[in-house]
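These are the residues of each chain, in order.
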Amino acid sequence: MPALISPSILSADFANLERDLGRIARADYAHVDVMDNHFVPNLTLGLPVVKRIAEVSPVPIDVHLMVEDADRWAVDYARAGAASVTFHAEAAQAAVRLARELRSAGARAGIALRPATPAEPLLDLLTEFDMVLVMTVEPGFGGQSFIEGTLPKVRRLRAAIDEQGADTWIQVDGGVSRDTIATVAAAGADVFVAGSAVYGAADVAGEIDALRALADEAIARR
Ligand SMILES: O=C(CO)[C@@H](O)[C@H](O)COP(=O)(O)O
Ligand SMILES: [Co+2]
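Just so it is clear, the model here is predicted, and its values are computed rather than measured.

Draft legend 1. Representation of the site of ligand 1 within the structure. Residues in contact with ligand 1 amount to 20 residues; listed here are only the nearest, Gly140, Gly143, Asp173, Gly195 and Ser196. Take Asp33: an N or O atom from its side chain is 2.9 Å from an oxygen atom of ligand 1. Note that an oxygen atom of ligand 1 is positioned 2.8 Å from one of the backbone N or O atoms of Gly175. If ligand 1 stood free it would expose 380 Å²; the protein chains cover 100% of that surface. Among the detected pockets, ligand 1 sits in the largest pocket. Listing elements by their share of the shell around ligand 1, those giving two or more residues are strand E2 (30–35), strand E3 (61–66) and strand E8 (191–194). Here the shell around ligand 1 gets 3 residues from one element, more than from any other, and that element is E2.

Draft legend 2. Representation of the UniProt feature "binding site: a divalent metal cation" (unreviewed entry) in the protein within the structure. Per the UniProt record, "binding site: a divalent metal cation" (unreviewed entry) is annotated on His31, Asp33, His64 and Asp173. The annotated residues occupy 143 residues of the chain but converge on a single region, no pair of C-alpha atoms lying more than 10.6 Å apart. From the set just named, the residues that line the largest pocket comprise Asp33, His64 and Asp173. Within the secondary structure, Asp33 sits in strand E2. With sequence-adjacent residues up to four places away left out, Asp33 is seen in contact with Ser8, Leu10, Thr44, Leu45, His64, Met66 and Asp173. Within the fold, His64 resides in strand E3. With residues near it in sequence (within four places) discarded, His64 still touches His31, Val32, Asp33, Val34, Thr86, His88, Ala112, Leu133, Met135 and Asp173.

Rules behind the numbers
Every chain is numbered on its own, with residues counted from 1 as its sequence reads. All chains are assigned letters beginning at A, and all ligands numbers beginning at 1, according to the order in which they are written. Thresholds applied to this predicted model are a pLDDT of at least 70 for local features of residues and 80 or more for the giving and counting of side-chain atom pairs; totals over whole chains, interfaces and linings are not thresholded and use all residues. Here the side-chain values reflect all heavy atoms present in the structure, with hydrogen atoms and water set aside. We call a residue near a molecule or strand whenever a single non-hydrogen atom of that residue lies within 4 Å of it. Polar contacts, as counted here, are pairs of nitrogen or oxygen atoms within 3.5 Å of one another; within protein the pair requires one atom able to donate a hydrogen and one able to accept it, and residues that are adjacent in sequence qualify only if both atoms are side-chain atoms. Method for areas: the Shrake-Rupley scheme with a 1.4 Å probe, in which residue coverage is limited to the protein chains shown. A pocket, in this scheme, is an open set of points on a 1 Å grid over the protein atoms alone with protein on both sides within 12 Å along at least 5 of 7 lines, while a cavity is a set where a 1.4 Å probe fits but cannot get out; residues line either one if an atom lies within 4 Å of a point. Being in a pocket or cavity means that more than half of the molecule's atoms lie within 2 Å of its grid points. Each helix corresponds to a stretch of at least 4 residues labelled H or I by DSSP, and each strand to a stretch of at least 2 residues labelled E; elements are numbered beginning at the N terminus. UniProt positions are given in the numbering used here, feature names are shortened, and annotations may be inferred rather than shown by experiment. We call two residues in contact whenever any of their non-hydrogen atoms come within 4.5 Å of each other.

Structure, rendered in structure tokens:
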């Protein structure tokens, strides 16, 4: 599949969110990081803000839930208008049940793994999820540097998905930029989250195109 680009609005101007969403109209998704200051040591935004973002965004919303008690909150984000809701494996009691509830609510269901969380427990359950998010930094903040040690996990997931013929996307999030995107695309990723690389660029639309071109080139070669 062609690379999908999901800029993280964590690096947007929160006082001008509608304007900054307009700047990523050529992306495939808008990545919205929901942090609760418990699962991660940072606090961002919640349901009422996500609902308005979904209403004004030119592209579908990809919610990345970094909250404790994902089982309690995830479906509410689907009902708030998110096209895709990704919860953390470490924060869910019943990941398969939750993914099924998200699909029933009309959203794509994603499961996220912190850098130190192994993918192996998921490998027999891949068809239950529309996406596996491999965190390539510790969740909580934008602007961190890419952790190379997460690449074998991306490769293992790619091999399992291809072997099973599963229609599960691999998303990578954290430190994705022109310097790292080709490597992680070659390892097997399909969906690329980039916050500081996109919103820190002088030409935001041009940066999305450049990242997409680099990823597509690496995907074509794998
Ligand atoms: O989920 C997170 C951080 O926890 C991310 O979505 C970041 O927002 C990505 O930022 P960059 O590393 O691309 O600056
Ligand atoms: Co994120």
